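# Chain and residue survey
Spelled out from the first residue to the last, the chains are:
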Amino acid sequence: MSSTIPAPSGATRLHVIVGDPIAQVRSPAGVSAAFAARGHDGILVPVQVAPGDLADFLSVATRLKNLDGIVVTIPHKFACYQACTSATTRAHFLRTVNLMRRRPDGAWHGDMVDGLGFVGAARAKGINPAGMRALLVGAGGAGSAIALELVEAGVSELAIHDSLTERRDALIGRLNGLGKAPVRAGTLDPAGFDFVANATPAGMKDGDPLPVDVARLAPSAYCGCVITKPEVSPFIAAARRIGCVTGTGTDMYQQHQSIMVDFLLGAEGT
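Since this is a predicted model, take the numbers as computed values, not measurements.

Rules used in this analysis
- Residues numbered from 1 in each chain as written.
- Predicted model: local features only at pLDDT ≥ 70, side-chain atom pairs only at ≥ 80, totals over all residues.
- Heavy atoms only, no water.
- Helix = DSSP H or I, 4+ residues; strand = E, 2+ residues; numbered from the N terminus.
- Buried < 20%, exposed > 50% of the residue type's maximum accessible area, 1.4 Å probe, protein only.
- Contact = heavy atoms within 4.5 Å.
- Areas by Shrake-Rupley, 256 points an atom, 1.4 Å probe, with all protein chains shown as cover.
- Lys, Arg positive; Asp, Glu negative; His and termini not counted.
- Charge placed at Lys NZ, Arg CZ, Asp CG, Glu CD.
- Pairing = 2+ DSSP bridges.
- Axes fitted to C-alpha atoms, helices over the stretch in contact; angles between N-to-C directions.
- Phe/Tyr/Trp six-rings, centres within 6.5 Å; stacked < 30°, edge-to-face > 60°.
- Parallel < 35°, antiparallel > 145°, perpendicular 65-115°, else oblique.
- Left-handed = near helix turned anticlockwise from the far one by under 90°.
- Nonpolar A, V, L, I, M, F, W, Y, C, P; charged D, E, K, R; others polar.
- Right-handed = clockwise from strand over helix to strand, strands pointing away.

## Remarks on the overall build of the protein
Scanning the protein from terminus to terminus reveals nine helices and 12 strands. Taking all 270 residues of the protein together, 53% fall into the buried category. Long-range pairs, those at least 24 residues apart, make up 68% of the contacts in the protein with a sequence separation of at least 6. Surface accessibility of the protein: about 11500 Å² in total, with carbon and sulfur atoms responsible for 55%. Counting 24 positive and 23 negative side-chain charges, the protein places the averaged centre of each group 2 Å from the other.

## Some words on the sheet that holds strand S6 (residues 108-111)
Ordered in space as S2-S1-S3-S5-S6-S4, the six strands form an open sheet in which the pairing is mixed. Sheet topology places strand S2 (42-48) and strand S4 (86-87) at the edges, where each strand pairs with a single neighbour. Against the sheet, helix H1 (residues 27-37) makes contact with strand S1 (13-19) and S2, and its axis sits at roughly 165° relative to S2, the strand it touches most. Sitting on the sheet, helix H9 (residues 249-264) is in contact with S1, strand S3 (67-72), strand S5 (99-102) and S6, with an inclination near 25° to S5.

## Describing the packing of aromatic side chains
Taken as a whole and assessed by the stated rule, the structure comprises two aromatic pairs. Both rings, one in Phe195 and one in Tyr222, keep their centres 5.0 Å apart while their planes meet at 45°; by these two values the pair is tilted. Of this pair, Phe195 sits in strand S10 (residues 195-198) while Tyr222 sits in strand S11 (residues 222-225), and the two are 27 residues apart along the sequence. Note on Phe195: relative accessible area 0%, which makes it buried.

## A closer look at the packing of helix H5 (residues 114-124) against helix H6 (residues 141-152)
Here H5 crosses H6 at 60°, and the two axes come no closer than 7 Å. Taken together, the axes of H5 and H6 are oblique relative to one another. Where H5 crosses over H6, the two elements pack in a sense that is right-handed. Residues Asp114, Gly115, Leu116, Phe118 and Val119 of H5 pack against Ala142, Ala145, Ile146, Glu149 and Leu150 of H6. A breakdown of the residues in the contact of H5 with H6 according to their chemical character gives seven nonpolar, one polar and two charged.

## Quick look at the pairing of S2
Examined bridge by bridge, S1 and S2 share seven bridges and lie parallel to one another. By the bridge assignment, Arg13 is partnered in S2 with Gly42. A crossover links S1 with its parallel partner S2, the connecting element being H1, and its sense is right-handed.

## Quick word on the sheet that holds strand S9 (residues 183-185)
Pairing within the open sheet is parallel, and its six strands lie in the order S9-S8-S7-S10-S11-S12. Each edge of the open sheet carries a strand with a single partner, namely S9 and strand S12 (245-247). Neighbour to neighbour, the strand axes of the sheet diverge by 20° on average, direction disregarded. With four bridges connecting them, S10 and S11 associate as parallel partners.

## Focus: the environment of Arg184
Mapped onto the elements, Arg184 comes out in strand S9. C-alpha separation for the pair Arg184 and Ala221, spaced 37 residues apart in sequence, amounts to 19 Å.

Below you can see the structure in the form of structure tokens.
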């Protein structure tokens, strides 16, 4: 794929990635280059919007005639789902989105592909989650999507830890309703797990506590993290010192960039 992004003109179609904070995101250059590689005159630009301003932002965004899509990051994924008139089956199940595409009628159609990227990054490292005991820390937007994808991938058990117990328990209830892998509440102790996933921001700031007790990790466990900045989070660095196979937030992003672009350009048929 060419990394050359043509200079925008008045005809360039606009996409934005919205979050708070936003400086950590990696997608503007990659998605803009992917648009160019597909012959689409479009760009993705970052927009920092506080939670209290999100409703106003979405109201304006809906009225911008050259805005075709929105990529959603922390902490807006649940709220942006509420702004979608339609969504994919997985987004409806999770009640969260990380992608919004303009419909012909001007409303928004949403999807949530974080789980595809996270599990795809594991598979790219030779890790098949099927039959594994998995521990997930974080039941927010990305965590919910990762949980669903792990269950769909055939893990033998999924334990979920989140400091917001109501959110954790609601997700556990929905996943158990699928009748697939048993899902239960977990702790910060990763002992006995084959697959350990961090879907929290822990590690983005200096001094953040580690998401799990890394001293209890098995060297044979796969450890994945959603954080893209720093590129190697303290959790991933600790897991590597133990000898674990790891996947970073950048690995996750690289796996789902093409899925994101397909959706934003309306090429995926949902």
